[in-house]
Amino acid sequence: SFDTDTLKTIKENATGDVSISVRLADTSSLSEEAQAKIGGRPVYDFTITSGNTTISDFGGGKATLSIPYTLTDGEDPNCIVIYYISDSGELIAVPNCVYDTATGIASFTTTHFSTYAVAYNGVTFSDVSGWYENYVKSLAARGIMNGTGDSNFSPDANITRAEFVTILARLSGNDLSGYKTSSFSDVAANDWYFAAVQWAYANGVATGSEGKFDPNAGITRQDIAVMIMRYAEKVEDYELPESNSAVTFTDSASIASYAAEAVTALQRAGIIGGNPNGSFAPLANATRAQAAKMIALLMQSM
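Residues numbered from 1 in each chain as written. Predicted model: local features only at pLDDT ≥ 70, side-chain atom pairs only at ≥ 80, totals over all residues. Heavy atoms only, no water.

Visitor: Got a minute to help me understand the side chain of threonine 6 in this structure?
Guide: Examined against the element boundaries, threonine 6 turns out to sit in helix α1 (residues 4-13). Given a relative accessible area of 0%, threonine 6 falls into the buried group. In contact with threonine 6, not counting residues within four places along its chain, are Phe58, Gly61, Lys62 and Ala63. (Helix = DSSP H or I, 4+ residues; strand = E, 2+ residues; numbered from the N terminus. Buried < 20%, exposed > 50% of the residue type's maximum accessible area, 1.4 Å probe, protein only. Contact = heavy atoms within 4.5 Å.)

Visitor: Can you help me understand the nonpolar core in this one?
Guide: Nonpolar side chains in soluble globular proteins tend to end up buried together. If you look at the biggest cluster of nonpolar residues, it comprises 61 residues, and the most contacted ones within it are Ile159, Phe164, Leu240 and Ile295. If you list the elements that add at least two residues to this core, you get α3 (133-141), α4 (161-172), α5 (194-202), α6 (221-235), α7 (257-268) and α8 (288-301). Contacts of leucine 240, omitting those with residues within four sequence positions, involve Met229, Ala232, Ala265, Leu266, Ala269, Ile271 and Leu298. In terms of nonpolar packing, the next biggest core, distinct from the first, is built from 32 residues, Ala34, Ile67, Val94 and Val118 among them. (Core = buried A, V, L, I, M, F, W, Y, C linked by side-chain atoms within 4.5 Å.)

Visitor: Looking at this structure, I do not really get α7. What am I missing?
Guide: Structural remark: α-helix, 3.6 residues per turn; residues separated by three or four positions point the same way. Helix length check: α7 (12 residues) gives 18 Å between terminal C-alpha atoms against 16 Å at 1.5 Å per residue, within 8%. Along α7, the residues that are buried comprise Ala259, Ala262, Val263, Leu266 and Gln267. Mapping the buried residues of α7 onto a view down its axis gives an arc of 130°, with all of them on the same face. Relative to its buried face, α7 has exposed residues pointing more than 90 degrees away, namely Ser257 and Glu261. Buried residues belonging to α7 abut α6. Directly beyond the C-terminal end of α7, a positive phi value near 80° is found at glycine 270. (Expected span 1.5 Å × (residues − 1). Arc of directions from axis to C-beta.)

Visitor: Before we go on, may I ask you to explain the pairing of strand β5 (residues 80-85) in this structure?
Guide: Side-chain direction in a regular strand flips from residue to residue, so the side chains alternate between the two faces of the sheet. With five of its six residues buried, β5 lies for the most part within the structure. Sheet topology note: the β5/strand β9 (residues 115-120) ladder contains six bridges and is antiparallel. Counterpart to tyrosine 83 in the pairing with β9 is alanine 117. Where β5 lies against strand β6 (residues 91-93), three bridges are found, and the strand directions are antiparallel. By the bridge assignment for β6, isoleucine 85 is matched with leucine 91. Taking the residues between adjacent antiparallel strands as the criterion, β5 and β6 are bridged by five residues, where glycine 89 takes a positive phi near 90°. (Pairing = 2+ DSSP bridges.)

Visitor: Is there a simple way to explain unusual backbone geometry in this structure?
Guide: Note: most peptide bonds trans; most residues except glycine with negative phi. The phi angle at glutamate 210 is positive, at roughly 55°, despite the residue not being glycine. With respect to the helices, strands and loops of the structure, glutamate 210 is situated in the loop between α5 and α6.

Visitor: Explanation requested: the sheet that holds strand β4 (residues 63-68) in the structure shown.
Guide: Whenever strands of a sheet pair, they do so through backbone hydrogen bonds, lying parallel or antiparallel. Ordered in space as β4-β8-β7, the three strands form an open sheet in which the pairing is antiparallel. Taken across any chain shown, the strands that pair with only one partner, and hence form the sheet edges, are β4 and β7 (98-100). Across the sheet, the axes of successive neighbouring strands diverge by a mean angle of 25°, strand direction being ignored. Here β4 runs beside strand β8 (residues 105-110); their pairing, made up of six bridges, is antiparallel. Across the sheet, residue serine 66 finds its bridge partner in β8, namely serine 107. (Axes fitted to C-alpha atoms, helices over the stretch in contact; angles between N-to-C directions.)

Visitor: Got a minute to help me understand the pattern of salt bridges in this structure?
Guide: A side chain with one charge may pair with a side chain of the opposite charge, provided their charged atoms come close. In the structure shown here, the tally under the stated rule is six salt bridges. For glutamate 236, the salt bridge goes to lysine 62, with nearest N and O atoms at 3.0 Å. You can see glutamate 236 sitting in the loop between α6 and α7 and its partner lysine 62 sitting in the loop between β3 (53-54) and β4, a full 174 residues away along the chain. With its nearest N and O atoms 3.6 Å apart, the salt bridge here joins glutamate 242 to arginine 268. (Salt bridge = Lys/Arg side-chain N within 4 Å of Asp/Glu carboxyl O.)

Purely geometric stuff here, so don't read any function into it on its own.
If you want it as structure tokens, here you go:
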């Protein structure tokens, strides 16, 4: 399915009748590594043509693609990933892909037509188990969240502001190579998180204070809610669903005024919840496991 901007781009570039084709692609020229990752799973070439013109870029618009796939024995649905195959044969993970076990459909959005493969990318960590395991697997398989070294994920460690905006930047799939100058005195252009921080600032996802971003500080639960809502609205143009009834937390009065709307929106969307005692703990730092759950639920919702 195409959004309005994509349809407009197709119309502007059309020279006559428009033809949309989806066909199985030949993978024999791919590297052994790429073929091993894909295995016997389907690879499709999506093409739009009009006369002698191929319309591959949507000019900022998006298309949503849904590919049927049946899991084989032993496959974890969290690790089913869609890869875009570049002209050079490189496999590039599509971060926003989601596999629905109920329908047997892998869905994702893209800003261009090309060749896309269904693949399997199982990532395991020695310290991951319990309620957050599937969320971590899903994000790690797509390259949205990585481990902390030595096969560890460090689920109980507090996530930093720099780490969280990096996760959102990866989820967006946006090209970050164009950022050259920092807007913050405590973020240098050679810092590993520089491009993600600048992307977050440029897109209105995150702001600093008094010219600083404080990248290595832990991020509070209320600030995570604010960033996720801004990301949904400003980057994805996505309106969070109101799936749940609004809840009044026992410490609602402690939620900052700038974060109250975001906390309510994410709670109603089922992305963030309270503690067993009915509190929200807005100033508590979020852990890497909690962040993984919220991002995975956002991705599934979108």
